[in-house]
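Take a look at the letters that make up each chain.
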Number of protein chains: 2
Amino acid sequence: MTTDSSRGAQTVLAPGATIGILGGGQLGRMLALAASRLGLNINIYSPSADCPAATVAQSATVGEFDDVEAIIAFSQTCDAVTYEFENVPAMSAKAASSVTPLRPGARALDVSQDRLVEKSFLRDQVGVEVASFEDIGNVYDLKRAVKRLGLPCVLKTRRFGYDGKGQVIIREEAEIANAWDTLAPAACILEAFIPFTREVSIVAARGLTGHIAAYPLTENVHRNHILHTSTAPAKQDDGSAAKIAAKILDQLDYVGVMGVEFFQMEDGSLVVNEIAPRVHNSGHWTQDAGCVDQFEQHIRAVAGWPLGDAVPRHSVVMTNLIGTDITAWEDFAATPRTRLHLYGKTETREGRKMGHVNQIV
Amino acid sequence: MTTDSSRGAQTVLAPGATIGILGGGQLGRMLALAASRLGLNINIYSPSADCPAATVAQSATVGEFDDVEAIIAFSQTCDAVTYEFENVPAMSAKAASSVTPLRPGARALDVSQDRLVEKSFLRDQVGVEVASFEDIGNVYDLKRAVKRLGLPCVLKTRRFGYDGKGQVIIREEAEIANAWDTLAPAACILEAFIPFTREVSIVAARGLTGHIAAYPLTENVHRNHILHTSTAPAKQDDGSAAKIAAKILDQLDYVGVMGVEFFQMEDGSLVVNEIAPRVHNSGHWTQDAGCVDQFEQHIRAVAGWPLGDAVPRHSVVMTNLIGTDITAWEDFAATPRTRLHLYGKTETREGRKMGHVNQIV
């Protein structure tokens, strides 16, 4: 197993140091705002100069994520590097970690950017419950696998899936060929359908010394495959989700914040759906819960600082503002106990995350 | 009386709009971070390109505060302009307000940047209690005034005083000549010494519609004339400080956040010491109190948005990190219920405000 950081595994960053972030979306933006509060500087690496994060960061570097030389040059200007999305190419992550501490490490990317590797890792190395799955290379694999896993089941691309993209539900045998044609020629995975009663997640951090701080269980509701609301702390939390998250973090020798998504069954048992090696949309409620929020927590971990309080002082319901939802900003601004967070995106597109509101309960 | 904004008095800024801030210190920095959360952009105007605020703002303009042409050009790029310190020259403020809404208005600067005008305004126009005072133009004025006000008393420069700079206590008649020599040839004011039992302040906001939201009374302790701690909510608050603040805000047709400092006497009565037409060091505790903080509140007011909740959910003790206090950052980061705020200043100087910590009680 790769250890977490090939370089400077124990390096602690002092105020005034620079953290590089691979990726310039809203997660990078909120990380940059948190870092600035702590007197740390951020350099954003993104293909776009006017991405949401670059405009609030101390510096920004324009480059493609697969440009290894550019990533190395960028990393040399940073005291540590992290990432805000999981599709950083493995080569680029390894290049960064060869010159500066990369937190979380490259292995967390290897595991999370391929659903087949991820599920195998979770089932075989961590030993936690996941949906039954089969590797699918062609339509014949798919037909055989559907027989073994039963109907309904879900065909997903192994890579680059998010917000429901790259997946098709197969409800009856007649849909198999069409499902394959929709996603081919991408390498796929077939997953048994989990008859869950609710979707929950855990956002947890692991510090440089191995200390873990988990936020409470969060209940998530999706609309059109995109996260709609997160409510925290979720009702009926027996603590098992936090234990599973801790196992995953330890197994990866992880440094930083991770999101772990679960399906919960009628009997309360949990099936891990996927992991995200970064701050997570279902952790945005932490910004207004009276604890150290997930963005500061991630920055603390990446900087090698002690982790902060992850115990909220009140309940929060987070609602994503998708596409034209943002046009109601004035109503949200006028609603008591409601905190508006906007990402500075100028172009509204259907399905695009423009901001979120946290309602303090 | 000048109305608050000569231009665009009722203009409401939408997300994506740009607010200009005259001044680039830590107050501007924290305003910029708050604006970014709301999807508003900040342009910092400062004589220094690498001031604390410029590095977190969407844009920065380098210029002198008395360069009226530069201020006009800057203001033309902004949908509204505000300031983060009270010594913006009157000409510059008026120039800004001739091209874009200036919030708070120029009159708040006129009143607060000259102690004689300020005390006269408070006593004669607002009708609130201030220390007895006399205008001092020469040492003969001073001798006569000391006789009228009694000893001890305090000689202060009318302009540019802060953190105890520009003031001398006179305890006996023999000290008069020396006190004058220390501050001359600056125009001065002599103030009766107030035998206070504690120092308190109110930070309050007034919105575009005249709505006022005051944070609770805050008790302040100074060390070497620099704010050391602020504790909020202060004990024994009968609501009169908030009423006085509201009178001042209304009288100025003010838009934005203001700090009002008081001396409190043994019988509980309040004497206004000074007003600051900006976010205020004694309001930094609001960042971690579970309400909308003073920085977001000011941005909301300047943008013409509704004001947010000013009612804290818990008590906070704010401690300033002055000079080398910042070297203990690692201890603060490790202390539970403690939130560290650093200003990104690289050079540590005696008496320089480097950051603060909020301890949640």
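Procedures and definitions
Residues numbered from 1 in each chain as written. Chains lettered and ligands numbered in written order. Predicted model: local features only at pLDDT ≥ 70, side-chain atom pairs only at ≥ 80, totals over all residues. Heavy atoms only, no water. Pairing = 2+ DSSP bridges. Helix = DSSP H or I, 4+ residues; strand = E, 2+ residues; numbered from the N terminus. Axes fitted to C-alpha atoms, helices over the stretch in contact; angles between N-to-C directions. Contact = heavy atoms within 4.5 Å. Disulfide = S-S within 2.5 Å. Buried < 20%, exposed > 50% of the residue type's maximum accessible area, 1.4 Å probe, protein only. Phe/Tyr/Trp six-rings, centres within 6.5 Å; stacked < 30°, edge-to-face > 60°. Parallel < 35°, antiparallel > 145°, perpendicular 65-115°, else oblique. Left-handed = near helix turned anticlockwise from the far one by under 90°. Nonpolar A, V, L, I, M, F, W, Y, C, P; charged D, E, K, R; others polar. Least-squares fit on C-alpha atoms with pLDDT ≥ 70 in both. Buried area = accessible area lost by both parts, 1.4 Å probe. Salt bridge = Lys/Arg side-chain N within 4 Å of Asp/Glu carboxyl O. Polar contact = N/O pair within 3.5 Å; in protein donor to acceptor, adjacent residues only side chain to side chain.

Peer 1: Help me understand the sheet that holds strand S7 (residues 167-170) of chain A, please; the structure alone is not making it clear to me.
Peer 2: All names here are of chain A. The strand order across the open sheet built from four strands is S5-S8-S6-S7, with neighbouring strands paired in antiparallel fashion. The strands lining the two open edges of the sheet, one partner per strand, are strand S5 (133-136) and S7. On average, each strand axis in the sheet is inclined to that of its neighbour by 20 degrees, with strand direction left out of account. Summarising the sheet, S5 and strand S8 (residues 188-192) pair through four bridges and their orientation is antiparallel. By the bridge assignment, Asp135 is partnered in S8 with Ile189. On top of the sheet, helix H6 (residues 139-149) reaches S5, strand S6 (153-157), S7 and S8; it is set at about 175 degrees to S5, its chief contact.

Peer 1: Where do I start with the state of the cysteines in this structure?
Peer 2: Disulfide: a covalent bond connecting the sulfur atoms of a pair of cysteines. Residues and elements named next belong to chain B. Under the defined criterion, the tally for this structure stands at zero disulfides over all chains. For the unlinked cysteine Cys51, the closest cysteine sulfur is that of Cys78, found at 14 Å. The class of Cys51 is buried, set by a relative accessible area of 8%.

Peer 1: Got a minute to help me understand unusual backbone geometry in this structure?
Peer 2: Negative phi values dominate among residues other than glycine, just as trans dominates among peptide bonds. All names here are of chain A. The peptide bond linking Ala184 to Pro185 adopts the cis configuration, its omega dihedral lying at 5 degrees. With respect to the helices and strands, Pro185 occurs in the loop between helix H7 (176-183) and S8. Following Ala232, the chain continues to Pro233 via a peptide bond in cis, the omega torsion being -10 degrees. Positioned with a positive phi, Gln236 is a non-glycine residue whose angle comes to about 55 degrees. With respect to the secondary-structure elements, Gln236 resides in the loop between strand S12 (226-232) and helix H8 (240-251). The backbone of Arg337 sits at a positive phi, close to 55 degrees, despite the residue not being glycine. Mapped onto the fold, Arg337 is located in the loop between helix H10 (329-334) and strand S16 (338-342). Its relative accessible area of 39% is what places Arg337 among the partly exposed residues.

Peer 1: Which parts of the structure should I look at to understand the packing of aromatic side chains?
Peer 2: For any pair of aromatic rings, the description consists of the separation of the ring centres together with the inter-plane angle of the planes. All names here are of chain A. One pass over the structure, following the stated rule, counts 12 aromatic pairs over all chains. Here the aromatic rings of Phe196 and Phe263 are separated by 4.7 Å at their centres, their planes lie at 15 degrees, and the arrangement is stacked. In this pair, Phe196 is assigned in the loop between S8 and strand S9 (198-206) and Phe263 in strand S13 (residues 256-264), connecting sequence segments 67 residues apart. We classify Phe196 as partly exposed; its relative accessible area is 33%. Relative to Trp285, the ring of Tyr215 has its centre 6.1 Å away and its plane inclined at 80 degrees; by these criteria the two rings are edge-to-face. Of this pair, Tyr215 sits in the loop between strand S10 (212-214) and strand S11 (218-223) while Trp285 sits in the loop between strand S14 (270-276) and helix H9 (294-303), placing them 70 residues apart in sequence.

Peer 1: Just checking my understanding: could you explain the packing of H6 of chain A against H7 of chain A for this structure?
Peer 2: The angle between the axes and the distance between the axes are what describe a pair of packed helices. Residue and element names in this part refer to chain A. As a packed pair, H6 and H7 sit with axes 10 Å apart at the nearest point and diverge in direction by 130 degrees. When the axis of H6 is compared with that of H7, the two are oblique. The handedness of the crossing between H6 and H7 is right-handed. Within the contact between the two elements, H6 uses Val139, Leu142, Lys143 and Val146 and H7 uses Ile176, Ala177 and Trp180.

Peer 1: What is the right way to look at the environment of Ala179 of chain A in this model?
Peer 2: All names here are of chain A. Here Ala179 lies in helix H7. Taking the C-alpha atoms as reference points, Ala179 and Val139, separated by 40 residues in sequence, lie 9.3 Å from one another. Ignoring any residue separated from it by four or fewer positions in sequence, one finds Ala179 in contact with Leu155, Val168 and Ile170.

Peer 1: What is the right way to look at the packing of helix H1 (residues 26-37) of chain B against helix H9 (residues 294-303) of chain B in this model?
Peer 2: Residue and element names in this part refer to chain B. At a closest axis distance of 8 Å, the pairing of H1 and H9 adopts a crossing angle of 70 degrees. Taken together, H1 and H9 sit at an angle that is classed as roughly perpendicular. Between H1 and H9 lies a crossing whose hand is right-handed. Between H1 and H9, the residues in contact are Leu27, Met30, Leu31, Ala34, Ala35 and Arg37 and Phe295, Glu296, His298 and Ile299, respectively. Its residues placed into classes, the contact of H1 with H9 shows seven nonpolar, one polar and two charged.

Peer 1: Teacher, can you tell me more about the relation of the copies chain B and chain A here?
Peer 2: Here two copies of a chain appear, and what relates them is a rotation about an axis with a shift along it. When chain B is fitted to chain A, the best match, at an RMSD of 0.0 Å, comes from turning it 180 degrees and sliding it 0.0 Å along the axis. Such a combination of turn and shift is consistent with a two-fold rotation axis. Proximity to the rotation axis, assessed at the C-alpha, singles out Val56 of chain B in chain B; its C-alpha lies 2.5 Å from the axis. Mapped onto chain A, 100% of the interface residues of chain B again fall at the interface, so both copies present the same surface.

Peer 1: Honestly, the pairing of strand S4 (residues 80-83) of chain B in this entry has me stumped. Any pointers?
Peer 2: Taken residue by residue, a regular strand's side chains alternate between the two faces of the sheet. All names here are of chain B. Judged by which residues are buried, S4 turns out to be covered on both faces: Ala80 and Thr82 on one side and Val81 and Tyr83 on the other are all buried. As paired strands, strand S1 (residues 18-22) and S4 are joined by four bridges and run parallel to one another. Pairing of Ile21 across the sheet is with Thr82, part of S4.

Peer 1: Help me understand the sheet that holds strand S6 (residues 153-157) of chain B in this model?
Peer 2: Adjacent strands of a sheet pair through backbone hydrogen bonds, lying either parallel or antiparallel. All names here are of chain B. With antiparallel pairing, four strands are arranged side by side in an open sheet as S5-S8-S6-S7. The sheet is open, and its two edges are formed by strand S5 (133-136) and strand S7 (167-170), each paired on a single side. Within this sheet the neighbouring strands show an average axis-to-axis angle of 20 degrees, counted without direction. Sheet contacts for helix H6 (residues 139-149): S5, S6, S7 and strand S8 (188-192); angle to S5, the most-contacted strand, approximately 175 degrees.

Peer 1: Explain the environment of Leu155 of chain B to me, please; I cannot follow it from the model alone.
Peer 2: Residue and element names in this part refer to chain B. On the secondary structure map, Leu155 appears in strand S6. Exposure remark for Leu155: the relative accessible area of 0% places this residue in the buried category. Sequence-wise, Leu155 and Ile136 are 19 residues apart; in three dimensions their C-alpha atoms are separated by 8.7 Å. Once residues lying within four places of it in the same chain are set aside, the contact partners of Leu155 are Ile136, Leu142, Gly166, Gln167, Val168, Ile170, Ala179, Trp180, Leu183, Cys188, Ile189 and Leu190.

Peer 1: Would you take a moment to explain the interface of chain B and chain A for this structure?
Peer 2: Reports of interface size often rely on the accessible area that becomes lost once the parts have come together. Between chain B and chain A, the contact holds 36 residues from the first and 36 residues from the second. Each partner contributes to the roughly 3,100 Å² buried at the junction of chain B and chain A, and carbon and sulfur atoms together form 56% of this total. Of all residues in chain B, Arg313, Trp329 and Arg339 of chain B give up the largest surface area on contact with chain A, accounting jointly for 19% of the area buried on that side. At the boundary of chain B with chain A, the tally comes to two salt bridges. The shortest N-O distance in the salt bridge between Asp309 of chain A and Arg339 of chain B comes to 3.2 Å. For the pair chain B and chain A, the interface holds 12 residue pairs in polar contact (both at pLDDT 80 or more). Among the elements that make up the side of chain B that touches chain A, the one with the highest residue count is strand S16 (residues 338-342) of chain B (five residues). Split into classes, the residues belonging to the side of chain B that touches chain A amount to 19 nonpolar, nine polar and eight charged.

Peer 1: Help me out: how do you make sense of H9 of chain A in this one?
Peer 2: The periodicity of an α-helix, 3.6 residues per turn, causes residues three or four positions apart to be oriented the same way. Most of H9 of chain A is tucked away, with 10 of its 10 residues classed as buried. At the N-terminal boundary of H9 of chain A, the capping side chain belongs to Asp293 of chain A, with an oxygen 2.8 Å from the backbone nitrogen of Phe295 of chain A.

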